[in-house]
Amino acid sequence: MGDRLIMVDISVIIVSWNARYFLLKCLESLYREQTAHSIELIVVDNASSDGSPEAVKENYPEAILIQNETNLGFAKANNIGLQKSKGQYLYLINSDVEVLEGTIDRLHDFMGANPQIGMAGPRILYPDETLQVTCRKFPSLWNNFCSAVGLNKIFPSNDLVSSDQMFYFNHETIRSVDVLAGCFLSVRREAMNKVGLFDERFFIYSEDIDWCKRFWNADWEIVFFPEAEAIHYGGGSSSNSPLRFSLERERAMIQYWQKHHSILTITSFLLILFLRHLSRLLWNVFLYVVKPSKKSKAIHKIKQNIAGIKLIFSYKHHNN
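Residues numbered from 1 in each chain as written. Predicted model: local features only at pLDDT ≥ 70, side-chain atom pairs only at ≥ 80, totals over all residues. Heavy atoms only, no water.

(A) Representation of the pattern of salt bridges. Across all of its chains, the model carries 10 salt bridges by this definition. Ionic pairing is found between Glu28 and Arg32, a salt bridge with its closest N-O pair at 3.8 Å. Highlighted residues: Glu28 and Arg32, both in helix α1 (residues 20-32), separated by 4 residues, approximately one helical turn. We note a salt bridge from Arg201 to Asp199, for which the minimum N-O separation is 2.7 Å. A single salt-bridge network, built from bridges that share partners, covers Asp199, Arg201, Asp210, Arg214 and Lys259. (Salt bridge = Lys/Arg side-chain N within 4 Å of Asp/Glu carboxyl O. Helix = DSSP H or I, 4+ residues; strand = E, 2+ residues; numbered from the N terminus.)

Given below as structure tokens:
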């Protein structure tokens, strides 16, 4: 990134792909903010065909709009925005997020008072203002196994058998966490300059887990900060092609394991993933047969399970 002159306090970077309604709602929430700090808004559009770029130009001409000719993926598009930015603090906000009052300043001031923090994230709410769990553990064989066999659902409040998602944490207190879900991240530029940009080999998903791991490896703390809040509507882009995005999520997770673990550990992870898909495939076939009212949903899940199993075997063959 170089030692560029810092011209603004905060750069907000929003990556969007065919999420016009949510994008405009996100920008509206940011323009409502009465912040004490200087802000630049950067929208990186991944070749949307729903009129998103035109709507940004018309309604928010002050925003910096970068239009990619093709869909470059979430990690690369964010990197383009980060390289364009001038802020001391970098807010990476999904297009389907609505920022609530005071959040911008509270995050800025919190990070300014705690120089050891490289990344922070606010409390995230669903549209009905119930809690959305965004704090994570790093993925492990154990927490993936617990998720595959359903222990995390049987004992949701027990951190020993939870999945990587921290359902046992009430998200009411400030605390260090392994990973923050990437829908809203506040990043210190100094930390990013040392850690580096997103790994662009991740097209979408798991780039946030990888980034958090690299922040911790570089001795930068990652902190959940519930005194700032935002609403995450979810599915702003992924709803356009749910099966594709489901596969992209699993492909990215396999990439993460390939990057950070040994061949033996990767093989163990793939076996757990296969167990998860096989058990759910059998269950969804059962629902298809005995529950006519659930046939449509069961077919969708069956397709996901079969596609997931095919993906696992393609990676096993490739790695061997």
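(B) Spatial organisation of a nonpolar patch on the surface. Together, Trp283, Val285, Phe286, Tyr288, Val289, Val290 and Ile299 make up a nonpolar patch on the protein surface, roughly 640 Å² of accessible area in all. Structurally, Ile299 can be placed in helix α11 (residues 295-319). Exposure remark for Ile299: the relative accessible area of 34% places this residue in the partly exposed category. (Patch = residues over 30% accessible without salt bridge, like charges linked within 9 Å, V, L, I, M, F, W, Y side chains within 5 Å. Areas by Shrake-Rupley, 256 points an atom, 1.4 Å probe, with all protein chains shown as cover. Buried < 20%, exposed > 50% of the residue type's maximum accessible area, 1.4 Å probe, protein only.)

(C) Expanded view of the nonpolar core. Ranked by size, the top nonpolar core spans 50 residues in total, and within it Leu82, Met119, Leu180, Val187, Trp211 and Phe215 carry the most contacts. Residue contributions to this core peak at 6 residues, all from helix α9 (residues 242-260). Not counting residues within four places of it along the chain, the set of residues in contact with Met119 comprises Met111, Leu180, Leu185, Ser186, Val187, Trp211, Cys212, Phe215, Glu221, Ile222 and Val223. Counting residues in hydrophobic clusters, the runner-up holds 32 residues, among them Leu27, Tyr89, Val99 and Met111. (Core = buried A, V, L, I, M, F, W, Y, C linked by side-chain atoms within 4.5 Å. Contact = heavy atoms within 4.5 Å.)

(D) Highlighting empty space enclosed by the protein. On inspection of all chains with the given rule, the structure shows 2 cavities of 30 Å³ or more. Volume-wise, the largest cavity comes out at about 50 Å³. Around the largest cavity sit Ile13, Phe74, Asn78, Leu92, Ile93, Asn94, Gly182, Leu185, Phe198, Glu207 and Asp208, which together line it. Residues of the lining of the largest cavity, tallied by class, amount to 6 nonpolar, 3 polar and 2 charged. Considered as a void within the structure, the second largest cavity measures approximately 30 Å³ in volume. For the lining of the second largest cavity, the leading source of residues is strand β6 (residues 117-125), giving 3 residues. (1 Å grid on protein atoms, 1.4 Å probe; cavity = no way out; pocket = protein on both sides within 12 Å on 5 of 7 lines; lining within 4 Å. Points joined across faces, edges and corners; volume = space filled by probe spheres on them. Nonpolar A, V, L, I, M, F, W, Y, C, P; charged D, E, K, R; others polar.)

By themselves these figures say nothing about function.
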